[in-house]
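Here's the letter readout for the chains.
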Amino acid sequence: MSSKKLTLCVLGCGTMGVAILQGIQDTLDKTATDGDYAQATGYPHAFIATCSQEESQVKLNRIFEGRADTVVMCGENAEAVGKADVVLLWTGCGNFYVSPYLIYLCPISSTKPQAAKSILDDKDVYLALTDKCMVSICAGVTISQLQGWVPASTTVIRAMPNTPCMIREGMTVLSCPPKTSPDYKTFASNVFSTLGRCRFLEEKHLDAVTALSGSGPAFACVILEALADGGVMMGLSRDVATELAAQVLRGAAGMVLNTGMHPAAVKDGVTTPGGCTIAGLLTMEDGKIRSTLARTVQEATRVASTLGKEPAK
């Protein structure tokens, strides 16, 4: 597989699918020579985007206009899967929002198993998946569920991306069965690394990942907004306060990610004896911010564990 020119099919290509395709294409374009892709291995070099409505097909054709490597197919899932080497399955948000990266994603929205199963129940789609790899970004639908809906020879990988993928600063966690081919693992990692950071974890951790990484941008934005409110309270204009707060969070996160420093070390580096920082930190502790945020992730994990489950009859 590693030396083969691969075709990636995005089955149900909404905004997340568009972002992934554009991320890969931008990465390959940067290494292109004389208009042709360099011989990059472990990446797709041809792309198929499928949809079920003619309106979506028009939008997709407009987005990928001029790209000879990308084909848009409407209502032809089985044929598309048959032409692909790897299939990306997404049954969530299918809306299009025009932005620099054309992506809006709510990865923790409830995905009913029937939504994915209805696509895979098609006999021709089922057969076309034989001996291929399917990467699912359907929240809450487990590998064991998916494996029950595809041929035994199909490799299933789960992916949990998050909304910062829209600016190529996303975090994606991948999970796959123990005997998954190294080539497929490399391929999946390459695909999602075009949208930010990517790593593998056991599937048992995906509920916590959904809560922390998937829901985390919402939690972080509450903190960002609160810090900006404090700046406004002390006389800063809203736009200035928001910019300062956003850059503070971005910078602090960058110090942790880029230097490997522990968050406590970053905090201590700012805190001087008798200074304003320690005064502010004690105020935060008075509000039990640590336990509140930790419990927030705990509760979100509990809810994430219910996604994809059939309702009790």
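Residues numbered from 1 in each chain as written. Predicted model: local features only at pLDDT ≥ 70, side-chain atom pairs only at ≥ 80, totals over all residues. Heavy atoms only, no water.

In the annotation of an unreviewed UniProt entry, the entry for the protein reads Pyrroline-5-carboxylate reductase, and the organism field reads Jimgerdemannia flammicorona. In its Catalytic activity (unreviewed entry) section, UniProt records this for the protein: "L-proline + NADP(+) = (S)-1-pyrroline-5-carboxylate + NADPH + 2 H(+)". (UniProt positions renumbered as here; feature names shortened; annotations may be inferred.)

K.L.:
Can you walk me through the sheet that holds strand S5 (residues 133-136) in this structure?
P.N.:
For sheets, the rule is that strands pair by backbone hydrogen bonds, running either parallel or antiparallel. Pairing in this open sheet of 8 strands is mixed, and the strands run S3-S2-S1-S4-S5-S6-S7-S8 from one edge to the other. The two strands at the open ends of the sheet, each matched to only one other strand, are strand S3 (70-74) and strand S8 (196-200). Strand-to-strand twist across the sheet, computed as the mean angle between neighbouring axes with direction ignored, equals 20°. In this structure, strand S1 (residues 6-11) lies alongside strand S4 (residues 86-89), joined through 4 bridges in parallel fashion. Across the sheet, the residue bridging to Leu11 is Leu89, located in S4. Here helix H7 (residues 182-193) sits on the sheet in contact with S1, strand S2 (44-51), S4, S5, strand S6 (155-160), strand S7 (170-175) and S8, set at roughly 155° to S8. (Pairing = 2+ DSSP bridges. Helix = DSSP H or I, 4+ residues; strand = E, 2+ residues; numbered from the N terminus. Axes fitted to C-alpha atoms, helices over the stretch in contact; angles between N-to-C directions. Contact = heavy atoms within 4.5 Å.)

K.L.:
Help me understand the state of the cysteines, please; the structure alone is not making it clear to me.
P.N.:
In protein chemistry, a disulfide is the covalent bond that joins the sulfur atoms of two cysteines. Scanning all chains against the criterion turns up 0 disulfides. Lacking any disulfide linkage, Cys133 is separated from the closest cysteine sulfur, that of Cys176, by 8.8 Å. (Disulfide = S-S within 2.5 Å.)

K.L.:
Looking at this structure, I do not really get the UniProt feature "binding site: NADPH" (unreviewed entry) in the protein. What am I missing?
P.N.:
Mapped onto the present numbering, the UniProt feature "binding site: NADPH" (unreviewed entry) falls on Asn77. Structurally, Asn77 is set in helix H3 (residues 77-83). What makes Asn77 partly exposed here is its relative accessible area of 25%. (Buried < 20%, exposed > 50% of the residue type's maximum accessible area, 1.4 Å probe, protein only.)

K.L.:
Looking at this model, I keep getting lost on the pattern of salt bridges. Mind explaining?
P.N.:
Should their charged atoms come close, side chains of opposite charge can pair. By the definition in use, this model includes 12 salt bridges. A salt bridge links Arg67 to Asp29; its shortest N-O distance comes to 3.1 Å. Taken together, the residues span a long stretch of sequence, with Arg67 in the loop between helix H2 (54-63) and S3 and Asp29 in helix H1 (residues 15-29) at a distance of 38 residues. You can call Arg67 partly exposed: its relative accessible area is 23%. Between Asp121 and Lys117 there is a salt bridge whose closest N-O contact spans 3.1 Å. Of the residues examined, Asp121 reaches a relative accessible area of 48% and is grouped as partly exposed. (Salt bridge = Lys/Arg side-chain N within 4 Å of Asp/Glu carboxyl O.)

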